[in-house]
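Chain and residue survey
Each chain is listed here by its residues.
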Protein chains: 2
Amino acid sequence: MEDTERLPAWCPGEGWCSITATASLVGKKWHPVIIHRLLSEGALGFNALQEEVDGISSKVLSESLDDLEEKRIVSRTIVSEKPVRVEYALTDLGESLEPVVMSLAEWGEQHLDPVEEKASSVV
Amino acid sequence: MEDTERLPAWCPGEGWCSITATASLVGKKWHPVIIHRLLSEGALGFNALQEEVDGISSKVLSESLDDLEEKRIVSRTIVSEKPVRVEYALTDLGESLEPVVMSLAEWGEQHLDPVEEKASSVV
DNA sequence: CGGTATCCTCATTGATACTG
DNA sequence: CAGTATCAATGAGGATACCG
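In the annotation of an unreviewed UniProt entry, chain A is listed under the name Winged helix-turn-helix transcriptional regulator and assigned to Halobacterium litoreum.

1. Some points on the nonpolar core
Burial of nonpolar side chains together is a common tendency in soluble globular proteins. Counting residues in hydrophobic clusters, the biggest one holds 58 residues, and the most contacted among them are Ile34, Leu49 and Ile73 of chain A together with Ile34 and Ile73 of chain B. Each residue touching Ile34 of chain B, except ones within four places of it in the same chain, is listed here: Leu49, Val53, Leu61, Ser64, Leu65 and Leu68 of chain B.

2. Considerations on helix α1 (residues 17–26) of chain A
When you tally the buried positions in α1 of chain A, you get 9 out of 10 residues, the bulk of the element. Every buried residue belonging to α1 of chain A is among Cys17, Ser18, Ile19, Thr20, Ala21, Thr22, Ala23, Leu25 and Val26 of chain A, and all of these are buried. Looking at the buried side of α1 of chain A, the elements it contacts are α2 (31–41), α4 (58–70) and α6 (98–111) of chain A together with α1 (17–26), α2 (31–41) and α6 (98–111) of chain B.

3. Quick look at the protein's contact with DNA strand D
In the vicinity of DNA strand D lie 17 residues, with Trp30 and Lys59 of chain A together with Ser62, Arg76 and Tyr88 of chain B positioned nearest. By atom count, sugar and phosphate contribute 62% of the portion of DNA strand D lying within 4 Å of the protein. Within the side chain of Lys59 of chain A, one N or O atom sits 2.3 Å away from a base oxygen of DNA strand D. A distance of 3.2 Å separates a phosphate oxygen of DNA strand D from a polar backbone atom of Phe46 of chain B. Looking at the surface near DNA strand D, the elements that each hand over two or more residues are α4 of chain A together with α3 (46–52), α4 (58–70) and β2 (85–90) of chain B. Across the surface near DNA strand D, the residue classes tally to 6 nonpolar, 5 polar and 6 charged.

4. A look at the protein's contact with DNA strand C
In the vicinity of DNA strand C there are 17 residues, among which Ser62, Arg76 and Tyr88 of chain A together with Lys28 and Lys59 of chain B approach most closely. Sugar and phosphate atoms represent 61% of those atoms of DNA strand C found within 4 Å of the protein. Within the backbone of Val86 of chain A, an N or O atom sits 3.2 Å from a phosphate oxygen of DNA strand C. One of the side-chain N or O atoms of Lys29 of chain B is found 3.1 Å from a phosphate oxygen in DNA strand C. Every element with two or more residues in the surface near DNA strand C is listed here: α3 (46–52), α4 and β2 (85–90) of chain A together with α4 of chain B.

5. Observations concerning unusual backbone geometry
All names here are of chain A. Residue Pro83 follows Lys82 across a cis peptide bond; omega there is 0 degrees. As for its position among the elements, Pro83 is in the loop between β1 (74–80) and β2. Even without being glycine, Arg72 reaches a positive phi, approximately 65 degrees. With respect to the helices and strands, Arg72 occurs in the loop between α4 and β1.

6. Looking at the environment of Phe46 of chain A
Tracing the backbone through its elements, the reader meets Phe46 of chain A in helix α3. Ignoring any residue separated from it by four or fewer positions in sequence, one finds Phe46 of chain A in contact with Ser58, Leu61, Ser62, Leu65, Val86 and Tyr88 of chain A.

7. Describing the packing of α6 of chain A against α1 of chain B
In the contact formed by α6 of chain A and α1 of chain B, the axes pass within 7 Å of each other and the chain directions differ by 95 degrees. As judged from the angle between their axes, α6 of chain A and α1 of chain B are roughly perpendicular. On the side of α6 of chain A, the interface is formed by Val101, Leu104, Ala105, Trp107, Gly108 and Glu109 of chain A, while α1 of chain B contributes Ser18, Ile19, Thr22, Ala23 and Leu25 of chain B. Grouping the amino acids of the contact of α6 of chain A with α1 of chain B by side-chain chemistry returns 7 nonpolar, 3 polar and 1 charged.

Reading the values: rules and limits
Residues numbered from 1 in each chain as written. Chains lettered and ligands numbered in written order. Predicted model: local features only at pLDDT ≥ 70, side-chain atom pairs only at ≥ 80, totals over all residues. Heavy atoms only, no water. Core = buried A, V, L, I, M, F, W, Y, C linked by side-chain atoms within 4.5 Å. Buried < 20%, exposed > 50% of the residue type's maximum accessible area, 1.4 Å probe, protein only. Contact = heavy atoms within 4.5 Å. Helix = DSSP H or I, 4+ residues; strand = E, 2+ residues; numbered from the N terminus. Near = heavy atom within 4 Å. Polar contact = N/O pair within 3.5 Å; in protein donor to acceptor, adjacent residues only side chain to side chain. Nonpolar A, V, L, I, M, F, W, Y, C, P; charged D, E, K, R; others polar. Axes fitted to C-alpha atoms, helices over the stretch in contact; angles between N-to-C directions. Parallel < 35°, antiparallel > 145°, perpendicular 65-115°, else oblique.

Okay, here's the thing in structure tokens:
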């Protein structure tokens, strides 16, 4: 009804709500990995991508890719019909995420030790 | 044993692994909200914080705060014993997250519409 | 090669209620 | 005011197998 209030109450409307939106995008466990891989490797096929991302299962990769595609971060192009060959690449929007990813990386490097100080695993 | 390989395989060791670490920190649904609120409001009490964050339950807020505290992002200070009054504030580390949060916000503002183009809710 | 379909498990969230 | 306890619901993630 009141379309003046389409934002969550805790989103004062100063645009900061996008933090959550962006965070939920970049924070999805495998998304940053995928984006980073695509950022540094360029277009990759499904399996190649799976290799790059290591432990991810095809199901999860597929889902992630779907999500990323829906959000216009990556594009899916069929480069060969037979045998089927597809290429996933970042869209302009996806590439525009570089600074964000860089920002995360930079902070992590400066403030989080590579060795991880989660401390909880040391007991 | 081999401390040369303490990083996940998909973490080439070029420091980008921190992306994931940072993302998992900032990407935790309520964390960015809490951090932002603290960033703009300064120290806040538990309930005040809950008000600010809107729909969060005390349980989840409590857990988030625990997590954030453990990660040295926020500090918890008892400012009054009776009645009990506590203040949550960002640590230096927490404040150092500002650029990261800004980066997320900025990207979201520029590339994500405030109106959300998730498109799936429109059917 | 590029995916889907199942099934299962665990982490996270949320609502409600209750305590010091 | 500042939390914790409980319990139910959801959903992301993972292993495996199978299909075009």
